[in-house]
Amino acid sequence: MSLRNAITFISNVDTNADLRKSCYSCHSQVELLEMLKAQDLEFNGDDFSEAVNLLLVKCQTYEQAGRVKEVAAWFSLFR
């Protein structure tokens, strides 16, 4: 379930303005993960890494892979 939540987060963070604004209000990864948990998107850093790898394998274009990598880089800034 948490892997699915991480995949959902990666897929929606670019297109869901409300989710993105909520994420920007967080000052640390712990705070971000707590906020996501409150929104029923609970996952941890390992789940996120696994989701990134899974999505990268499924990418069919460089653009798709680039978008996943951008979200991963953005998420890493919360550490």
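Everything that follows concerns the structure shown earlier in this document.
Colleague: How do you make sense of the packing of aromatic side chains when you look at a structure like this?
Modeller: Any two aromatic rings considered together are summarised by their centre-to-centre distance and by the angle between their planes. This structure, assessed with the given rule, holds nine aromatic pairs. Arranged with centres 5.6 Å apart and planes meeting at 45°, the rings of Phe-9 and Phe-43 form a pair that is tilted. Of this pair, Phe-9 sits in helix H1 (residues 2-12) while Phe-43 sits in the loop between helix H3 (29-38) and helix H4 (45-58); the two residues are 34 residues apart in sequence, bridging distant segments of the chain. There is no split in this pair, since Phe-9 and Phe-43 are both buried.

Colleague: Would you explain the nonpolar core in this entry?
Modeller: For soluble globular proteins, the rule of thumb is that nonpolar side chains tend to be buried together. Of all hydrophobic cores here, the largest spans 22 residues; its most connected members are Phe-9 and Leu-36. Counting residues per element, the ones that place at least two in this core are H1, helix H2 (17-24), H3, H4 and helix H5 (62-76). Sequence-distant contacts of Leu-36, defined by excluding residues within four places in its chain, comprise Phe-9, Leu-19, Leu-41, Glu-42 and Phe-43.

Colleague: Looking at this structure, I do not really get H5. What am I missing?
Modeller: Each α-helix turn comprises 3.6 residues. Residues three or four places apart therefore point the same way. With 15 residues, H5 ought to run about 21 Å at 1.5 Å a step, and its terminal C-alpha atoms sit 21 Å apart, in line with that. All of the buried residues along H5 are Ala-65, Val-68, Val-71, Trp-74 and Phe-75. Residues of H5 that are buried in the fold lie against H1, H2, H3 and H4.

Cut-off values and rules
- Residues numbered from 1 in each chain as written.
- Predicted model: local features only at pLDDT ≥ 70, side-chain atom pairs only at ≥ 80, totals over all residues.
- Heavy atoms only, no water.
- Phe/Tyr/Trp six-rings, centres within 6.5 Å; stacked < 30°, edge-to-face > 60°.
- Helix = DSSP H or I, 4+ residues; strand = E, 2+ residues; numbered from the N terminus.
- Buried < 20%, exposed > 50% of the residue type's maximum accessible area, 1.4 Å probe, protein only.
- Core = buried A, V, L, I, M, F, W, Y, C linked by side-chain atoms within 4.5 Å.
- Contact = heavy atoms within 4.5 Å.
- Expected span 1.5 Å × (residues − 1).

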